[in-house]
Amino acid sequence: METNTFLKIAAKELPSYPIYEDDSVYAFLDIEPYSRGHTLIVPKKYCPDIDGLDDRTAAAVLMAAKKIVAALRGLYMYDGVVLHQVNGEHAQEVRHFHMHVYGTSSENAPHFYKALPNNRAEKEVLFSTTAQEISDFIKHH
């Protein structure tokens, strides 16, 4: 059976900051975010590229993305939200289909993660708070 970092995160074998989950997908905060709330959506079963996604999983990815986009716009007032997905062995850091969802605005510096606190405890609070805000927004809207 195929395994990788994202499958281990989705199976809760590795820690993450969860945002959303259903039977097909697991969404969690990116640890090197472009902007606050930068989320990754991954299928719970192995799929290296979009070509291997079944229709149900593809629909689940887009439905999760819609919920996350609404949360990012509602919470952080982003001017725009990017859905970013790449395919191919040399294009992916982790060889597993995943979609990035992150906000953009004129106030965002590229690579928000470079401005994150260096203090591990402060970073943990920021990530935990952000994950809880987005998760709560999704549950209540």
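Up top is the structure these notes are about.
Notes on the structure in this doc start here.

Reading guide: rules and limits
- Residues numbered from 1 in each chain as written.
- Predicted model: local features only at pLDDT ≥ 70, side-chain atom pairs only at ≥ 80, totals over all residues.
- Heavy atoms only, no water.
- Core = buried A, V, L, I, M, F, W, Y, C linked by side-chain atoms within 4.5 Å.
- Buried < 20%, exposed > 50% of the residue type's maximum accessible area, 1.4 Å probe, protein only.
- Helix = DSSP H or I, 4+ residues; strand = E, 2+ residues; numbered from the N terminus.
- Contact = heavy atoms within 4.5 Å.
- Salt bridge = Lys/Arg side-chain N within 4 Å of Asp/Glu carboxyl O.

**Considerations on the nonpolar core**
Item 1. Ranked by size, the top nonpolar core spans 29 residues in total, and within it Ile19, Ile41, Ile68, Leu72, Val101 and Ile134 carry the most contacts.
Item 2. Elements represented by at least two residues in this core include exactly β1 (18–21), β2 (25–29), α2 (55–76), β5 (99–104) and α3 (120–140).
Item 3. A per-element tally of this core places α2 first, with 9 residues.
Item 4. In this view, Ile19 contacts Ala27, Phe28, Leu29, Thr39, Ile68, Ala131, Ile134, Ser135 and Ile138; residues no more than four positions away in its chain are not counted.
Item 5. Formed by 8 residues, the second largest nonpolar core is a distinct cluster that contains Phe6, Ile9, Ala10 and Phe28.

**Examining the pattern of salt bridges**
Item 1. All told, the structure shown has 5 salt bridges when counted by the stated rule.
Item 2. Lys12 serves as the salt-bridge partner of Glu21, at 2.8 Å between the closest nitrogen and oxygen.
Item 3. Between Arg56 and Asp23 there is a salt bridge; the shortest N-O distance is 3.8 Å. You can see Arg56 sitting in helix α2 and its partner Asp23 sitting in the loop between β1 and β2, a full 33 residues away along the chain. Comparing Arg56 with Asp23, the two get one shared label, exposed.

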